There are 4 protein chains.
Amino acid sequence: MIVVLDATATPPDVTDVVTIIESGGGRASTSSGGGRTLVVATDAAGHVSTDLRTLAAVRDVVAISSSHKLVSREHQPVRSTVRVGTVAIGPDTVTLVAGPCAVESPDQMLDCALIAKAAGATLLRGGAYKPRSSPYAFQGLGESGLKVLASVGQETRLPVVTEIVDPRDLDVVCAHADMLQVGARNMQNFELLKAIGRTGMPVLLKRGMSATVEEWLLAAEYVAMSGNLDIVLCERGIRTFERSTRNTLDISAVPVIQQLSHLPVIVDPSHSGGRRDLVLPLTRAAIAAGADGVIVDVHTDPEAALCDGGQALTREDMGELRRSISELARVGGRDLAA
Amino acid sequence: MIVVLDATATPPDVTDVVTIIESGGGRASTSSGGGRTLVVATDAAGHVSTDLRTLAAVRDVVAISSSHKLVSREHQPVRSTVRVGTVAIGPDTVTLVAGPCAVESPDQMLDCALIAKAAGATLLRGGAYKPRSSPYAFQGLGESGLKVLASVGQETRLPVVTEIVDPRDLDVVCAHADMLQVGARNMQNFELLKAIGRTGMPVLLKRGMSATVEEWLLAAEYVAMSGNLDIVLCERGIRTFERSTRNTLDISAVPVIQQLSHLPVIVDPSHSGGRRDLVLPLTRAAIAAGADGVIVDVHTDPEAALCDGGQALTREDMGELRRSISELARVGGRDLAA
Amino acid sequence: MIVVLDATATPPDVTDVVTIIESGGGRASTSSGGGRTLVVATDAAGHVSTDLRTLAAVRDVVAISSSHKLVSREHQPVRSTVRVGTVAIGPDTVTLVAGPCAVESPDQMLDCALIAKAAGATLLRGGAYKPRSSPYAFQGLGESGLKVLASVGQETRLPVVTEIVDPRDLDVVCAHADMLQVGARNMQNFELLKAIGRTGMPVLLKRGMSATVEEWLLAAEYVAMSGNLDIVLCERGIRTFERSTRNTLDISAVPVIQQLSHLPVIVDPSHSGGRRDLVLPLTRAAIAAGADGVIVDVHTDPEAALCDGGQALTREDMGELRRSISELARVGGRDLAA
Amino acid sequence: MIVVLDATATPPDVTDVVTIIESGGGRASTSSGGGRTLVVATDAAGHVSTDLRTLAAVRDVVAISSSHKLVSREHQPVRSTVRVGTVAIGPDTVTLVAGPCAVESPDQMLDCALIAKAAGATLLRGGAYKPRSSPYAFQGLGESGLKVLASVGQETRLPVVTEIVDPRDLDVVCAHADMLQVGARNMQNFELLKAIGRTGMPVLLKRGMSATVEEWLLAAEYVAMSGNLDIVLCERGIRTFERSTRNTLDISAVPVIQQLSHLPVIVDPSHSGGRRDLVLPLTRAAIAAGADGVIVDVHTDPEAALCDGGQALTREDMGELRRSISELARVGGRDLAA
């Protein structure tokens, strides 16, 4: 049972809720963040929820028998818009997130950011902690990379999104980022999800490479039940037997998620295909299928990139991408977010 | 080694080719159909190809060391347009193929055909032989279904495409159909592919449900080397672990195929997702990704359909589909084929 | 509804059954083979089955509402033993089937057969029709290969099993083989399955490379409902993302099948892994998991094999295989079939 | 470049190594644990390795150009035996690890431990931190569960293995456990792997549910290059399309891993199939294929289990399991580890 409190709830209101739960024999744990307070009760007696609903500070009481309740459209029928700074990601816009796979240097980062911005990107990506299959591959610049990213973000006036891979890094990452990215390999790193949920920061949650839609939404629910509903889902391809692409973009996941959940969903055409020549057609497919945005890799010199250069777009590619997104957004009655 | 003869080659020309191959110690088999003659030689000595190229009637000699040569863009750089009657499927148009999954009765077939035509379909589909996982499921009306299909096709002036599942049915199916469909389960039924190749009829070759792009093109090569290059490929979803859709539409296959092969490629959004509510967004994604057309299931009364009713579009849905296809085709500078 | 008649049923008995079905408004089709007669009725009224059960010649009436009935243990609780000539495949024995992937020449075939027999094989395999992904790969010797196989089988007194890929080849294959093999690519070639079912010949039915256990049993049901229950299932690996083996042997399928179906199930460790060094450990796993036998590739000179040489066992390997099978069969209280 | 120092290396020896690397322009980081010291240098000049090899304290210098070097058989040709307390896991024995999926209470834990020990288990498993797909499922008892586990381990004289899911829990888990388990969902939680590697504790590394063998070995390499080679790999099934089992046990991975790596590999037949009735046949297959042990779920009352009861073995099942393991271990010339 999850008790969703009103945004105006006070600490005494929370105490009231906990008291009712505990007097009914249940256990309660409280989370707050993102302007919301939730009380999760795992074994309260059945009649307690009725009592709780009578409290003025209680907005909703969600049964825990069904899965992904907080992120479901049953819980919230209207599709959500998540805001990162002044940037909106949601049903009315098509948001372009762009930047290099990894922060390599201040110059490289700034050049990429300028290319991204010129092409209409409103959010800047850049990885400082890179989870790589091999321990011998470039692992990112760490904290110094975060500082470069934040500084370039401020200079170009683009909010920044960056991956977090360890709950022990939360303070330093939150100090420099506007949105936290959870990568495919950490989609079921539940302790990380819980810790992120408690920060109240906007989250970009990538789909695990063999995660079902159901499991993906349950991962989002881990963030949500820790007090944070500012979650954007990102489809980045699943693992199949096909070898001509690095992963198989599951384009159907876009409408499927939008039917099940109120959360925005964007597509990563760069990591899905793993090939520069597929980024444009996959972006077009994503927008046409209704995705709320795309996130793409950009690099000034893909051949020299320290990470995934084979899929990064150049300045020229980005111009073409912009035209495609604009055209297709317009067909769907939407705008490229500005 | 495959010797591709000129369209104007005469029987004596073919005899010359065979003589050269056999005098070099090789074996030759000849196929013709679709306005082309091919001589396939499996073990000729290396110097023979040079001799053959000197003949005026020889258009090309393809080494058999590399895979899918005849269907490759190396063999034919310009993307092909396949014609079924007067209907074109190729890079300049977006072709809509529609009809019921199975022919059930003359009335049902005619009603579906009228809905399809009203929505801009230029090719009519309808199955008379239905390969079903269970032997206890409806297996199609067989020859009587073919007759219904052909008659409705004539009445509505729509060429018809229908599935063939057994080489022994070739004569009867060819007598009633304008295009032969090979279903996913038969993509590697090589004897069927060879037999179809020899008819010279246009072929719609669906991707096997766990076939790689490479294997799919090799299946097309079986048809091609039997003398027939009028092949349209159809992506219909692959089998993965995901359970919210029947199959996972591999949208990346569209640009991947178009890069590797000159053959047109269309998408089946009905069988990919297996859900009516996904047909429209998947169609939009397919057109935006560059597919040369789509093939959809239509039914007047989906609840009562004998096969796959859950994914069939109704008259209302088809109107919306038409608008979407037109809009997106126009964005790509193409027309809904008329 | 399937009406299973007694082995002693006469034509008038069959007529009685059909009359009852048709007078109830149903349609009936009759199959016989393998010493059994079945009447399949697809739309009879509900009360008809009760009437049929009163007939002395009717052994069972199976509802068609549930899947794979004839091959299920509900239909026949005791696990079956299938006989090919004098060779038994079933729960009391461990049967070794061995031979070359493809028949290449009389000498090669005889040498392989002698190696197989010396290692305890009681059934000889050899392919004359080879379904190959590429049309440019060796396709088998066809009818002349069948003759070689049959002749070597007689000389070594080993019944032979060979693949059939086209219903038009049934007469010629049945004339030379003791057991018909259906390959993975044809597991859902339903017209082939039906045609084979009607011959009454023992069948070795390989699992399709992305077939579920459920679909595999339904494919067997196609053979069964055409009048033939002499079916041996063969697990040969499924397609997954893993690349260190050609396919992923689904060892769990052995106990799963044995619980759901009375049919014997054997394992193909050669095609599962596609690597010679894995054949022995996979064979050991198969026997220990309870498989009723294994089928392995043998070659006198694997380097020179025309098909799948990389997985073929040599004379030395076969000696080791024999010892392993004997030891493990004994642990399970079984014998290497003689 | 990884410099592997001798077990007898002293701090001055390490300093010598680092000095040589840095004077060549490289960067060095040092790790020790598990009786070994490693120096990892990511960008040293090419000639440095030759210099290093002249030092007496240097056992090996491994180039980082190739993947999974430290865990490879090229690096260490003889297969390793990992010791957890007095318990050996390696090529000479078959080790049985057993216990409940989750620690639920002192009584439940003790009863399960006694069942496990009576059946020949020498290592006790029990989860205190449970990574569950749903945030609403039982998440484990946490630290109090660890205390119960440790206390029962001492009482029954069984070393204990338990899962760790967060690097922040390392101190508390190491204080109570003899071996750390990394679950499938965390196989690519690289920060966790690095942190664990630095503890020098024995590690049980489960395969990710869609990880290739290559990626699994690279995950082990993350632990290894942090200074710890006491790693046991555990195959627990991969995700495929098959639905009759929870995962598909990739039995081929056992011999494949043993060929590529010197690390021991065990099998988890409980989580692979997710079904009690499959645990015994899959255990038999695992031992016959050469697995160095198995890890199984036990419960006194599976129906009441808080986690995965459907796959837990009872006291009776465990007796049968013991007999099977003993028989099959003996066939392979091994013993059930005592």
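Details of the structure are given in the entry above.
If you're wondering where the values come from, they're calculated on a predicted model, not measured in any experiment.

Student: Go over the packing of aromatic side chains, please, and point to the residues and values.
Tutor: The description of an aromatic ring pair uses the distance of the two centres, along with the angle that the planes make with each other. Going through the model one piece at a time under the given rule, you end up with four aromatic pairs over all chains. Summarising the aromatic geometry, the rings of F190 of chain A and Y222 of chain A are spaced 4.3 Å apart at their centres and angled 20 degrees between planes, so their arrangement reads as stacked. Note that F190 of chain A is positioned in helix α6 (residues 190–199) and Y222 of chain A in helix α7 (residues 213–224), a separation of 32 residues in sequence. Among the residues examined, Y222 of chain A registers a relative accessible area of 1% and is labelled buried. It is R239 of chain A that lies over the ring of F241 of chain C; its NZ or CZ is 5.9 Å from the centre.

Student: Can you explain the pairing of strand β11 (residues 203–206) of chain C? Please cite residues and give values.
Tutor: Residue and element names in this part refer to chain C. Side chains of β11 alternate between two faces, with V203 and L205 and L204 and K206 buried alike. Pairing geometry for strand β10 (residues 179–182) and β11, over three bridges, is parallel. Its bridge partner lying in β11, Q181 is registered against L204. For the crossover that starts at β10, traverses helix α6 (residues 190–199) and ends in the parallel β11, the hand is right-handed. Where β11 lies against strand β12 (residues 231–235), four bridges are found, and the strand directions are parallel. Among the inter-strand pairings, K206 is bridged to a residue of β12, identified as C234.

Student: Talk me through the packing of helix α6 (residues 190–199) of chain D against helix α7 (residues 213–224) of chain D; I want residue IDs and the actual numbers.
Tutor: All names here are of chain D. Packing of α6 against α7 leaves a shortest axis separation of 7 Å and a crossing angle of 45 degrees. Considering the angle they form, α6 stands oblique to α7. From α6, F190, L193, K194 and G197 reach across to α7, where they touch A219, Y222 and V223. Taken together, the residues of the contact of α6 with α7 sort by class into five nonpolar, one polar and one charged.

Student: Provide a residue-level description of the side chain of S252 of chain B, including the pertinent values.
Tutor: Counting through the fold element by element, S252 of chain B comes out in the loop between β12 (231–235) and α8 (253–260). What makes S252 of chain B buried here is its relative accessible area of 1%. Ignoring sequence-local partners within four residues, the contact set of S252 of chain B consists of T245, L249 and L282 of chain A.

Student: How would you explain the relation of the copies chain B and chain A if you had to name every residue and give the values?
Tutor: Superposing chain B onto chain A requires a rotation of 180 degrees together with a translation of 0.0 Å along the rotation axis, leaving an RMSD of 0.1 Å. Accordingly, the operation relating the two chain copies is best matched by a two-fold axis. Minimal C-alpha distance to the rotation axis in chain B is attained by A285 of chain B, lying at 2.0 Å. A symmetric contact is evident, with 100% of the interface residues of chain B recurring at the interface of chain A.

Student: I'd like to hear about the interface of chain C and chain D, residue by residue, with values.
Tutor: Contacts between chain C and chain D engage 34 residues on the former and 34 residues on the latter. Note that E242 of chain D and R207 of chain C form a salt bridge whose closest N and O atoms lie 2.9 Å from each other. For the side of chain C that touches chain D, the secondary-structure elements that each account for two or more residues are α8 (253–260), α10 (276–289) and α11 (315–331) of chain C. Each residue belonging to the side of chain C that touches chain D can be placed in one class, and the counts come to 17 nonpolar, nine polar and eight charged.

Student: How would you summarise the pattern of salt bridges if you had to cite specific residues and measurements?
Tutor: According to the stated counting rule, one finds 55 salt bridges over all chains in the structure shown. Put simply, K69 of chain A and E74 of chain A hold a salt bridge, and the shortest N to O gap is 3.1 Å. Taking the relative accessible area as the measure of exposure, K69 of chain A reaches 18% and is therefore buried. One network of salt bridges, in which partners are shared, links R207, E235 and D250 of chain A together with E242 of chain B.

Student: Explain the relation of the copies chain C and chain D residue by residue, including any values.
Tutor: If you rotate chain C by 180 degrees and push it 0.0 Å along the axis, it lands on chain D with an RMSD of 0.2 Å. Most of the interface of chain C is mirrored in chain D: 100% of its interface residues are interface residues there too.

Student: Account for the interface of chain B and chain A, naming residues and giving values.
Tutor: The partner chain A presents 34 residues to the 34 residues of chain B that form the contact. Around 2700 Å² of area is buried between chain B and chain A when both sides are counted, 66% of it from carbon and sulfur atoms. Its largest share of buried area at the contact with chain A, chain B owes to F241, A288 and V331 of chain B, together 20% of the area lost on that side. On the surface where chain B and chain A come into contact, there are two salt bridges. Looking at the side of chain B that touches chain A, the elements that each hand over two or more residues are α8, α10 (276–289) and α11 (315–331) of chain B. Take the side of chain B that touches chain A: its biggest share by element is eight residues, from α10 of chain B. Class assignment for the residues of the side of chain B that touches chain A results in 17 nonpolar, nine polar and eight charged.

Student: Go over α7 of chain A with me, naming the residues and quoting the values.
Tutor: Owing to its 3.6 residues per turn, the α-helix brings residues three or four apart onto one side. Residue and element names in this part refer to chain A. Between its first and last C-alpha, α7 extends 16 Å over twelve residues, near the 16 Å set by a 1.5 Å rise per residue. Across the twelve residues that make up α7, a large majority, eleven, are buried. Within the sequence span of α7, burial applies to V213, E215, W216, L217, L218, A219, A220, E221, Y222, V223 and A224.

Student: An account of helix α11 (residues 315–331) of chain A is requested, with residue identities and associated values reported.
Tutor: All names here are of chain A. The end-to-end C-alpha separation of α11 is 25 Å, in line with the 24 Å expected for 17 residues at 1.5 Å each. Those residues of α11 that fall on the buried side of the exposure criterion are M318, L321, S324, I325, S326, L328 and A329. G333 sits one or two residues past α11 and shows a positive phi near 70 degrees.

Student: Which residues make up the environment of V254 of chain D, and what are the values?
Tutor: All names here are of chain D. As for its placement among the helices and strands, V254 is situated in helix α8 (residues 253–260). Classification of V254 by relative accessible area gives buried; the value is 1%. On a C-alpha basis, the gap between V254 and A291 in space is 6.0 Å, while along the polypeptide they are 37 residues apart. When residues no more than four places from it in sequence are discounted, the contact partners of V254 are V265, V267, A289, G290 and A291.

Here is what the cut-offs are and how they apply
- Residues numbered from 1 in each chain as written.
- Chains lettered and ligands numbered in written order.
- Predicted model: local features only at pLDDT ≥ 70, side-chain atom pairs only at ≥ 80, totals over all residues.
- Heavy atoms only, no water.
- Phe/Tyr/Trp six-rings, centres within 6.5 Å; stacked < 30°, edge-to-face > 60°.
- Helix = DSSP H or I, 4+ residues; strand = E, 2+ residues; numbered from the N terminus.
- Buried < 20%, exposed > 50% of the residue type's maximum accessible area, 1.4 Å probe, protein only.
- Lys NZ or Arg CZ within 6 Å of the ring centre and 35° of its normal.
- Pairing = 2+ DSSP bridges.
- Right-handed = clockwise from strand over helix to strand, strands pointing away.
- Axes fitted to C-alpha atoms, helices over the stretch in contact; angles between N-to-C directions.
- Parallel < 35°, antiparallel > 145°, perpendicular 65-115°, else oblique.
- Contact = heavy atoms within 4.5 Å.
- Nonpolar A, V, L, I, M, F, W, Y, C, P; charged D, E, K, R; others polar.
- Least-squares fit on C-alpha atoms with pLDDT ≥ 70 in both.
- Salt bridge = Lys/Arg side-chain N within 4 Å of Asp/Glu carboxyl O.
- Buried area = accessible area lost by both parts, 1.4 Å probe.
- Expected span 1.5 Å × (residues − 1).

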